[in-house]
Amino acid sequence: RNDEGNRALEYWRESLELAPNSDLANLYKRVEKEQTHDQSGEKLYGVRVVLRYDSDTVPVETARGMVAAVDSAFARVSQQLGCFAEEKIVTIVQSRDAYKKATDAAEWSGGQYDGRIRVPVMSGQQMDARQEQVLAHETTHACLAMLGEWPSWLQEGMAQKLSGEMLPPAARAQLAELAKAGQLPKLEALRRGWSGLDSQSARLAYSLALEAVDALYENFGTDGVRNLMRNPERLPAISAELDKRLGL
């Protein structure tokens, strides 16, 4: 989480020499792979973020804009959800190729949060509204992780909504048709494991997650959502209520 991958590998290597552990061995291999393919060496610091980036891919002006975007997004999202960062949020910006090699992310993935924000960019890419939205999306994931463990549908729905995404009318109509035909899963079925979805299934899952979170805000309002963040034991009952509202 502190972005000290090589130091972590040293500790884990010593630990594995003392006693085999399959979970730790898998984590060691994953981080070793990340370190091998990660060319991001330059760093910039913000109020709540430390940004590490590949200077051959990302212009310094763009990197500065990204630091400001994450700081701004965290200030806004934390005010809504009530999260608090004791440490700076590490944000890693890589070329698309390095991002895929380091993370094994799905082809459709536009970013990732695994304790650190990871965002792929095209060489020379400038900051624009879409890039700000991607950073706000991943910053929301970071905020939610500070508040506890949440199912994927809530994570992705909140990340879309709080980054300013809106469900297109065509997508909403498609969901209504599928719900009427009994072809949509309940929210509990979207709790985990989105990384293995194909692009079409992922698009549908993201649409349903956003519609569910839209319904959550309509039913409970901003104060109700913030209260849920402090009382996660209420989520199963709320999920069942949303299932009925959405016809799942």
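Along each chain, residues carry numbers from 1 onward, in the same order as the chain's sequence is written. This being a predicted model, a pLDDT of at least 70 is required before a residue's local features are given, and a value of 80 or more before pairs of side-chain atoms are given or counted; all residues contribute to the totals for chains, interfaces and linings. Processing note: side-chain calculations cover all non-hydrogen atoms of the structure and skip hydrogens and water entirely.

Caption draft 1: Fine view of the side chain of Asp214. A run of H or I in DSSP counts as a helix once it spans at least four residues, and a run of E counts as a strand once it spans at least two, with each numbered from the N terminus. Relative to the assigned elements, Asp214 resides in helix H8 (residues 199-230). Here, two residues are considered to be in contact whenever any of their heavy atoms come within 4.5 Å of each other. In contact with Asp214, not counting residues within four places along its chain, are Lys161 and Arg172.

Caption draft 2: Quick peek at the state of the cysteines. What counts as a disulfide here is a pair of cysteine sulfur atoms lying within 2.5 Å. Following the criterion strictly, the structure yields 1 disulfide and no others. With its sulfur 1.8 Å from that of its partner, Cys83 forms a disulfide with Cys143. Between Cys83 and Cys143 the sulfur-sulfur dihedral comes to about -105 degrees; the bridge is accordingly left-handed. Of this pair, Cys83 sits in the loop between helix H3 (60-81) and strand E3 (89-95) while Cys143 sits in helix H5 (residues 129-147), and the two are 60 residues apart along the sequence. Residue Cys83 shares its accessibility class with Cys143, and that shared class is buried. The rule is simple: take the accessible area with a 1.4 Å probe, protein chains only, and divide by the maximum for that residue type; under 20% is buried, over 50% is exposed, in between is partly exposed.

Caption draft 3: Here's a closer look at the pairing of E3. Along E3, 7 of the 7 residues are buried, which leaves the element largely enclosed by surrounding structure. The pairing of strand E2 (residues 49-53) with E3 spans 5 bridges and is classified as parallel. Pairing of Leu51 across the sheet is with Thr91, part of E3. Throughout, right-handed denotes a crossover for which the path from the first strand over the helix to the second runs clockwise when the strands point away from the viewer. Tracing the backbone out of E2, into H3 and back to the parallel element E3 gives a crossover that is left-handed. By the bridge criterion, 5 bridges tie E3 to strand E5 (residues 117-121) in an arrangement that is parallel. Two strands qualify as a pair provided DSSP detects at least 2 bridges between them.

Remember, this is a structural readout, not a statement about activity or role.
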